[in-house]
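Next come the chains, spelled out residue by residue.
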Amino acid sequence: MNPFDDQTGTFLALVNPAGQHSLWPEFAPVPGGWTVVHGPGARDEVLAWIDDNWADITPVVDA
């Protein structure tokens, strides 16, 4: 089973320097360059947080 699809798993919301967000299983190490911004929580709750807090999916680009 894909750990990202586990309805009973515990998840984190991550963000990278470009402002992109990701659902991440709590048991897995956070990849370099990503920061935990929410969680841990249930999959649906963390996905809802990402939906509420990531309004523009365009990556942030330094000028």
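Going by the annotation in an unreviewed UniProt entry, the name recorded for the protein is MbtH family protein, with Mycetocola reblochoni given as the source organism.

(A) Spatial organisation of the overall build of the protein. When helices and strands are counted, the protein shows 1 helix and 3 strands. Along the protein, helices and strands appear, N-terminal first, in the series β-β-β-α. With the C-alpha coordinates of the protein rotated into their principal frame, the extents come out at 40 × 25 × 20 Å. Looking at the protein alone, contacts between residues at least 24 apart form 43% of all its contacts between residues at least 6 apart. With the model as given, the accessible surface of the protein reaches about 4,100 Å², and the carbon-plus-sulfur share is 57%.

(B) Looking closely at the environment of Phe-27. You can see Phe-27 is positioned in the loop between strand E2 (21-25) and strand E3 (35-42). Between the alpha carbons of Phe-27 and Asp-5 there is a distance of 14 Å; along the sequence they are 22 residues apart.

(C) Up close: the UniProt feature "domain: MbtH-like" (unreviewed entry) in the protein. As annotated in UniProt, the feature "domain: MbtH-like" (unreviewed entry) corresponds to residues 2-52 in the numbering used here. Each end of residues 2-52 is marked by a C-alpha atom, and these two atoms are 24 Å apart; helix forms 20% of the span and strand 37%.

(D) Main features of helix H1 (residues 43-53). Those residues of H1 that fall on the buried side of the exposure criterion are Arg-43, Val-46, Trp-49 and Ile-50. Viewed along the axis of H1, the buried residues span an arc of 130 degrees, placing them on a single side of the element. When the buried face of H1 is taken as reference, the exposed residues oriented beyond 90 degrees from it are Asp-44, Asp-51 and Asp-52. Contacts from the buried residues of H1 go to strand E1 (10-15), E2 and E3.

(E) Broad picture of the pattern of salt bridges. Counted by the stated rule, this structure contains 1 salt bridge. Across the pair Asp-5 and Arg-43 runs a salt bridge, and its minimum N-O distance is 4.0 Å. In this pair, Asp-5 sits in the segment before E1 while Arg-43 sits in helix H1, placing the two residues 38 residues apart along the sequence. Asp-5 gets classed as partly exposed once you look at its relative accessible area, which sits at 44%.

Conventions adopted
- Residues numbered from 1 in each chain as written.
- Predicted model: local features only at pLDDT ≥ 70, side-chain atom pairs only at ≥ 80, totals over all residues.
- Heavy atoms only, no water.
- Helix = DSSP H or I, 4+ residues; strand = E, 2+ residues; numbered from the N terminus.
- Contact = heavy atoms within 4.5 Å.
- Areas by Shrake-Rupley, 256 points an atom, 1.4 Å probe, with all protein chains shown as cover.
- UniProt positions renumbered as here; feature names shortened; annotations may be inferred.
- Buried < 20%, exposed > 50% of the residue type's maximum accessible area, 1.4 Å probe, protein only.
- Arc of directions from axis to C-beta.
- Salt bridge = Lys/Arg side-chain N within 4 Å of Asp/Glu carboxyl O.

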